[in-house]
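# Secondary and tertiary structure notes
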Amino acid sequence: MDVLIALLALGLLMLAAYRGYSVILFAPIAALGAVLLTHPSAVAPVFSDIFMDKLVGFVKLYFPVFLLGAVFGKLIEFSGFSRSIVSAVTRLLGQNKAIPVIILVCALLTYGGVSLFVVVFAVYPFAAEMFRQSQIPKRLMPATIALGAFTFTMDALPGSPQIQNIIPTTFYGTTSWAAPWLGVLGSLFVAVGGWLYIDYLRRRAQQKGEGYGTGLLNEPETPNDLNLPHPIVALLPLFIVGVANLFFTWYIPQKYGTHFLIDLPGLKAPLDSDVKKMVAIWAVMAALMCGILAIFLFAWRQLKGKLAEGSKAAVGGAMLASLNTASEYGFGVVIAALPGFVQVADALKVIPNPLLNQAITINILSGITGSSSGGMSIALAAMADQFINSAKAAGIPLEVMHRVASMAAGGMDTLPHNGAIITLLAVTGLTHRQAYKPILGITLFKVLGAFFIIGVYYLTGIV
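For every chain, the first residue of the written sequence is number 1, and numbering continues from 1 along that sequence. Residue-level local features of this predicted model are given only where pLDDT is at least 70; pairs of side-chain atoms are given and counted only at 80 or more, and the full residue set underlies all totals for whole chains, interfaces and linings. Only heavy atoms go into the side-chain values, all of them from the structure, while hydrogens and water stay out.

### Some remarks on the UniProt feature "transmembrane region" (unreviewed entry) in the protein
UniProt positions are given in the numbering used here, feature names are shortened, and annotations may be inferred rather than shown by experiment. Following the UniProt record, the feature "transmembrane region" (unreviewed entry) maps to residues 29-47, 59-81, 101-127, 177-198, 232-252, 279-300 and 439-460 here. Numbering of helices and strands runs from the N terminus; a helix is a DSSP stretch of H or I covering at least four residues, while a strand is a stretch of E covering at least two. With 91% helix and 0% strand, residues 59-81 has end C-alpha atoms that lie 30 Å from one another. Helix makes up 100% of residues 279-300 and strand makes up 0%, while its end C-alpha atoms are separated by 31 Å.

Here is the structure:
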């Protein structure tokens with residue numbers, strides 16, 4: 001019954017998200033409904049001390065990133081930079097190359113260390129212009145962005161700085177470059193397979209005469225008479241964000257160390273700031289501010305007079321996206337605390353093969369929590385010692401365990417209630433009903449990716 005209750009809560013939230021209801025409203029309803037059926041007296045404490053605590057903690061950490069990302073994307077749109085780049089790419093490669101170009105741009109940004117959420121805000125204006133000019137249905141755009149940002153560069157490519165590739169290092173004593181050949185092969189499997197799948201959907205839509213679409217929401221607004229900048233100038237802000245992010249990731253620890261003592265006259269006692277935990281977030285924020293300044297430097301005339309309207313839209317979009325994702329995070333933490341979730345995690349321990357056990361366990365837990373990092377952290381915190389002992393007994397290198405764990409985390413996490421998916425759909429102005437089915441196809445490729453590299457390892461022994 002405990003397991004059924006947890007699954008019912010998950011099903012309710014997925015149904016609400018797919019039907020277009022607000023996740024900000026239904027995430028606490030689903031989570032607290034499960035608590036009510038499990039421990040009725042704990043509903044109010046769980047709401048205040050777990051759900052709201054985690055929601056507020058997420059907003060505290062990530063709202064500035066959402067906000068700066070939204071401002072950056074809106075300036076890219078208003079300045080005409082997105083249209084300039086899209087026009088140049090279309091002239092160079094042709095209109096039918098929109099999908100691989102967007103996948104590549106997303107991949108370069110995420111592999112450069114830019115937050116997945118920031119990539120959504122930054123790339124959307126480019127994607128909208130390119131899909132519109134190529135007459136590709138907008139409903140395929142979220143799946144295209146998800147393939148480039150949420151899959152192979154997030155957890156498969158060796159050296160990826162994304163958190164999904166970093167978490168296993170703390171449990172297995174590996175590095176982000178663990179199992180490089182398996183990572184590259186897994187990346188190719190997911191990227192090529194996903195691209196062919198989306199392109200198949202594009203060709204089917206083209207045969208039916210389906211265009212970009214009409215009556216769509218949140219469409220970029222670049223005036224047709226705008227004097228477009230040179231494409232190289234338009235690309236500079238994206239390049240600056242990537243390079244600045246790498247620089248500040250190195251510089252901040254050099255400047256502040258691992259801790260910084262905030263000792264100001266108005267404080268009752270000095271505060272100890274844990275710099276190590278904040279490096280990635282501060283680096284992305286600083287990089288986005290550099291990118292924003294670059295846009296102002298090169299496009300002040302185009303932006304003058306639009307900043308009031310644009311900033312309001314950016315703030316509204318950032319608030320909605322961050323609260324959607326924060327509510328999802330709170331839901332996942334509450335469900336993970338329930339006895340049904342613990343029973344599911346315990347039941348998965350009986351699978352004998354360590355690679356299959358790990359892949360299945362992390363996929364399922366990431367799907368239930370709606371979070372790749374959350375599901376993987378829960379699984380490894382509870383079972384890492386068991387995985388290590390089983391791997392050593394079977395002669396499996398821990399680098400392989402790292403790569404399988406990382407890729408499995410990004411599999412079933414992209415179910416309808418996933419925070420990144422909800423943010424992606426909100427930014428693109430689409431609903432689950434309109435655009436989730438192509439995303440589900442990408443999710444299936446991603447789930448298969450972890451099992452693909454397991455098969456490659458057993459067949460060839462390469463790492």
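Don't stop here, the text continues.
### Observations regarding unusual backbone geometry
Of note in this structure, Ala179 is not a glycine but carries a positive phi near 45 degrees. Looking at the secondary structure, you find Ala179 in the loop between helix H9 (163-172) and helix H10 (180-207). In this structure, Asn218 is a non-glycine residue whose phi angle is positive, near 55 degrees. Note on placement: Asn218 falls in the loop between H10 and helix H11 (231-256). In this scheme, a residue with accessible area under 20% of its type's maximum is buried, one over 50% is exposed, and one in between is partly exposed, where area comes from a 1.4 Å probe on protein chains only. Here Asn218 falls in the partly exposed class, since its relative accessible area comes to 39%.

### Section: helix H19 (residues 432-460)
One turn of the α-helix equals 3.6 residues, which is why residues spaced by three or four share an orientation. In this model H19 runs 40 Å from its N-terminal to its C-terminal C-alpha over 29 residues, within 8% of the 42 Å that 1.5 Å per residue would give. The bend at a residue is defined as the angle formed between two axes, one fitted to the seven residues ending at that residue and one fitted to the seven starting there. Of all the bends in H19, the greatest, near 25 degrees, is centred on Gly449. At the exit of H19 stands Gly461, carrying a positive phi of roughly 80 degrees. Helix span is expected to be 1.5 Å times the residue number reduced by one.

### Concerning the packing of helix H7 (residues 141-149) against helix H18 (residues 419-428)
Axis definition: a line fit to C-alpha positions, over the contact stretch in the case of helices; interaxial angles, taken between N-to-C directions, run 0 to 180 degrees. At a minimum axis separation of 10 Å, H7 and H18 run at an interaxial angle of 135 degrees. Taken together, the axis directions place H7 and H18 in an arrangement best described as oblique. Here the hand of the crossing between H7 and H18 comes out right-handed. Contact residues: Met141, Pro142, Ile145 and Ala146 in H7; Leu424, Leu425 and Thr428 in H18. Among the residues forming the contact of H7 with H18, the class breakdown is six nonpolar, one polar and no charged. Convention used here: angles under 35 degrees read as roughly parallel, angles over 145 as roughly antiparallel, angles from 65 to 115 as roughly perpendicular, and any remaining angle as oblique. By convention, the crossing between two helices is left-handed when the near helix turns anticlockwise from the far helix through less than a right angle, and right-handed when the turn is clockwise. For this analysis, residues touch if any pair of their heavy atoms sits within 4.5 Å. Throughout, the ten residues Ala, Val, Leu, Ile, Met, Phe, Trp, Tyr, Cys and Pro are labelled nonpolar, Asp, Glu, Lys and Arg are labelled charged, and all others, Gly among them, are labelled polar.

### Remarks on the environment of Leu440
Topologically, Leu440 is positioned in helix H19. Spatially, the C-alpha atom of Leu440 lies 19 Å from that of Ala359, the residues being 81 residues apart in sequence.

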